[in-house]
Amino acid sequence: DQQVKQNSPSLSVQEGRISILNCDYTNSMFDYFLWYKKYPAEGPTFLISISSIKDKNEDGRFTVFLNKSAKHLSLHIVPSQPGDSAVYFCAASGGFGNEKLTFGTGTRLTIIP
Amino acid sequence: ETGVTQTPRHLVMGMTNKKSLKCEQHLGHNAMYWYKQSAKKPLELMFVYNFKEQTENNSVPSRFSPECPNSSHLFLHLHTLQPEDSALYLCASSQQSRGTTGELFFGEGSRLTVL
């Protein structure tokens with residue numbers, strides 16, 4: 001049973017437009033959510049996170065939105081740049097005392113110049 | 001110098017071979033992890049070490065044997081693997097303490113192919 005789901009395996013977006021990556025989770029005990037970005041032949045790198053006490057966190061071009069009632073989070077990238085082309089993983093943890101991360105399957109984002 | 005380094009980056013081995021993957025972290029973290037990434041699957045947690053003590057073994061077959069001699073080094077010993085064990089093996093580290101919430105720093109991975 002997959003507790004963190006990324007239902008879109010791939011996404012293509014024109015350069016300069018907004019990229020929206022989605023993630024759904026089933027475990028209501030999750031209270032901390034992260035996005036990781038992975039280039040080919042490299043390990044994932046941390047991008048942005050959000051605690052369940054917030055519904056939005058912004059860092060430059062990247063914004064993560066959390067809808068707890070829908071158990072849904074999304075990552076917005078605006079404006080999208082060619083260097084954003086990568087695989088994006090959503091991850092969740094149960095917070096203090098249960099820091100183990102559960103990952104989604106990833107979404108491959110391609111930015112079209 | 002990257003915070004988490006893994007060697008080798010690529011490894012091809014037969015099913016009867018014995019090999020080891022090595023991970024070293026330069027971040028002063030107290031926890032280290034092995035993850036497995038297979039095609040079209042989520043990252044799967046294999047082992048967790050906190051202060052050199054194994055705190056999690058996620059039902060991993062015994063043909064995978066971890067070793068953590070100190071908080072900076074982590075090994076994954078491999079023996080009599082199967083072709084379905086071919087995957088990218090990722091090492092990660094984090095600073096686990098009260099209030100921290102699991103931000104992992106990953107190495108670049110070791111791509112394993114079992115023939």
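Up top you'll find the structure we're talking about.
Residues numbered from 1 in each chain as written. Chains lettered and ligands numbered in written order. Predicted model: local features only at pLDDT ≥ 70, side-chain atom pairs only at ≥ 80, totals over all residues. Heavy atoms only, no water.

K.L.:
What is the right way to look at the overall build of chain A in this model?
P.N.:
The helix and strand tally for chain A stands at zero helices and eleven strands. Traced from its N-terminal end to its C-terminal end, chain A shows the element sequence β-β-β-β-β-β-β-β-β-β-β. Scaling as 2.2 N^0.38, a compact globule of 113 residues should have a C-alpha radius of gyration of about 13 Å, and chain A matches this with 13 Å. Overall size of chain A, expressed as C-alpha extent along the three principal axes, is 45 × 30 × 20 Å. (Helix = DSSP H or I, 4+ residues; strand = E, 2+ residues; numbered from the N terminus. Rg over C-alpha atoms; globule rule 2.2 N^0.38 Å.)

K.L.:
I tried to follow the pattern of salt bridges on my own but got confused; where do I start?
P.N.:
Side-chain pairs of opposite charge can arise whenever the charged atoms involved come near each other. Per the counting criterion, the structure on display carries four salt bridges over all chains. For E58 of chain A, the salt bridge goes to K56 of chain A, with nearest N and O atoms at 4.0 Å. (Salt bridge = Lys/Arg side-chain N within 4 Å of Asp/Glu carboxyl O.)

K.L.:
What is the right way to look at the packing of aromatic side chains in this model?
P.N.:
Two measures describe an aromatic ring pair: the distance that separates the ring centres and the angle between the ring planes. Counted under the stated rule, the structure contains ten aromatic pairs over all chains. Measuring from centroid to centroid gives 5.7 Å for Y35 of chain B and F106 of chain B, while their planes differ by 55 degrees, and the two rings are tilted. One end of the pair, Y35 of chain B, is in strand 4 (residues 31-37); the other, F106 of chain B, is in strand 10 (residues 105-106), and 71 residues separate them in sequence. In this structure, Y35 of chain B and F106 of chain B share a single accessibility class: buried. An aromatic cluster of at least three residues, connected via ring pairs, comprises Y36, F46 and F103 of chain A together with Y33, Y35 and F106 of chain B. (Phe/Tyr/Trp six-rings, centres within 6.5 Å; stacked < 30°, edge-to-face > 60°. Buried < 20%, exposed > 50% of the residue type's maximum accessible area, 1.4 Å probe, protein only.)

K.L.:
Quick question: what am I supposed to make of the pairing of strand 4 of chain B here?
P.N.:
Walk down a regular strand and you will see the side chains alternate between the two sheet faces. Residue and element names in this part refer to chain B. A large share of strand 4 lies buried, amounting to seven of its seven residues. Of the two faces of strand 4, the one carrying A31, Y33, Y35 and Q37 and the one carrying M32, W34 and K36 are both buried. Two strands pair when backbone bridges link them, and strand 4 and strand 5 (residues 44-50) are joined in this way by six bridges, in the antiparallel orientation. When the sheet's bridge partners are listed, K36 is paired in strand 5 with E44. Connecting strand 4 to the antiparallel partner strand 5 that follows it, the hairpin turn spans six residues, and K40 within it adopts a positive phi of roughly 60 degrees. Where strand 4 meets strand 9 (residues 87-94), seven bridges bridge the pair, whose relative direction is antiparallel. Paired with Y33 across the strands is A92, a residue of strand 9. (Pairing = 2+ DSSP bridges.)

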